[in-house]
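Chains, contacts and geometry: an overview
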Amino acid sequence: MGALRVYTESSLQNKQRLLMWQIHGNQGNHWNYAQVTLSNPHQFKVVFEVVMGNPGLSDIAIDDVTFTPSCLHPDNRTSGCFREEFECPSDHFCIPQEWLNDGKIDCPLDCYDEDEHRNNCPNRTIGCRPDEFTCPSDDLCIPQA
């Protein structure tokens, strides 16, 4: 079995990498959700590293990576979730991971916790604020850089 690791890589000359999260071993034959809190005392980029295991037994894929507004402005972070919780991107509050895709909308502003409602959330306001960018793939609003 292989491993998946997430690092922050410093923008300094030595490009020091700090391990933020990792998972290894068999995770089953389905998509898994992970939320990773990133931190680095310097400007950084995010690095995903795959360590391959036995050939034919190490399938790893990454999809739907998003960054919450607190990523750009960590000092303005309004909430922090525990490892077994999920932060609703627009609502900025935490829900248990067991509530993801349970058929009930728990993130009322963007319905982000339910895949079937994510792109057609009945509570979503039309359009983003002037200081936000609309992601073309899923219409999420993120701060403009």
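Look up a bit, the structure's there.
Read on for an overview of the structure. (Residues numbered from 1 in each chain as written. Predicted model: local features only at pLDDT ≥ 70, side-chain atom pairs only at ≥ 80, totals over all residues. Heavy atoms only, no water.)

Further remarks concern the overall build of the protein chain. When its secondary structure is counted, the protein chain shows zero helices and seven strands. Along the protein chain, helices and strands appear, N-terminal first, in the series β-β-β-β-β-β-β. Looking at the 145 residues of the protein chain, the share that counts as buried comes to 26%. Restricting the contact set of the protein chain to residue pairs at least 6 apart, pairs at least 24 apart contribute 33%. A total accessible area of about 10200 Å² is found for the protein chain, and carbon and sulfur atoms account for 52% of it. (Helix = DSSP H or I, 4+ residues; strand = E, 2+ residues; numbered from the N terminus. Buried < 20%, exposed > 50% of the residue type's maximum accessible area, 1.4 Å probe, protein only. Contact = heavy atoms within 4.5 Å. Areas by Shrake-Rupley, 256 points an atom, 1.4 Å probe, with all protein chains shown as cover.)

Across all of its chains, the model carries one disulfide by this definition. Here Cys 88 pairs with Cys 107 through a disulfide, and the sulfurs are 1.9 Å apart. Sign of the S-S torsion, about -70° for the bond between Cys 88 and Cys 107, identifies this disulfide as left-handed. Taken together, the residues Cys 88 in the loop between β4 (85–87) and β5 (94–96) and Cys 107 in the loop between β5 and β6 (132–134) connect sequence positions 19 residues apart. The exposure class of Cys 88 is buried, given its relative accessible area of 0%. (Disulfide = S-S within 2.5 Å.)

Once that is clear, we can look at a nonpolar patch on the surface. A surface patch of nonpolar side chains, about 600 Å² in accessible area, is lined by Phe 48, Val 50, Met 52, Ile 60, Ile 62, Val 65 and Phe 67. Considering the arrangement of structural elements, one finds Val 50 in strand β3 (residues 44–51). The class for Val 50 is partly exposed, based on a relative accessible area of 40%. (Patch = residues over 30% accessible without salt bridge, like charges linked within 9 Å, V, L, I, M, F, W, Y side chains within 5 Å. Salt bridge = Lys/Arg side-chain N within 4 Å of Asp/Glu carboxyl O.)

With respect to topology, three strands assemble into an open sheet ordered β2-β1-β3, the strand pairing being antiparallel. Both outer strands of the open sheet, β2 (17–24) and β3, are each paired with one neighbouring strand and no more. With strand direction ignored, the average angle separating the axes of adjacent strands in the sheet is 20°. Bridge count for strand β1 (residues 3–10) against β3 is eight bridges, and the pairing is antiparallel. (Pairing = 2+ DSSP bridges. Axes fitted to C-alpha atoms, helices over the stretch in contact; angles between N-to-C directions.)

Moving on to the nonpolar core. Core analysis: the largest hydrophobic core is formed by six residues, namely Phe 86, Cys 88, Ile 95, Leu 100, Cys 107 and Tyr 112. Non-local contacts of Leu 100, meaning those with residues more than four positions away in its chain, are made with Tyr 33, Phe 86, Ile 95, Asp 113 and Glu 114. (Core = buried A, V, L, I, M, F, W, Y, C linked by side-chain atoms within 4.5 Å.)

A separate point is the side chain of Glu 114. Along the chain, Glu 114 turns up in the loop between β5 and β6. Although Glu 114 is buried, it forms no salt bridge, and the closest oppositely charged side chain is Lys 104 at an N-O distance of 8.3 Å. For Glu 114, the side chain forms a polar contact with the main-chain nitrogen of Gly 103, separated by 3.0 Å. Setting aside residues no more than four positions away along its own chain, Glu 114 makes contact with Trp 99, Leu 100, Asn 101, Asp 102, Gly 103, Lys 104, Ile 105 and Asp 106. (Lys, Arg positive; Asp, Glu negative; His and termini not counted. Polar contact = N/O pair within 3.5 Å; in protein donor to acceptor, adjacent residues only side chain to side chain.)

Moving on, we get to the side chain of Glu 9. Relative to the assigned elements, Glu 9 resides in strand β1. Looking at Glu 9, the relative accessible area reads 7%, which means it is buried. In this structure, Glu 9 is in contact with Lys 15, Gln 16, Arg 17, Asn 40, Gln 43, Phe 44, Lys 45 and Val 47, ignoring residues within four places of it in sequence.

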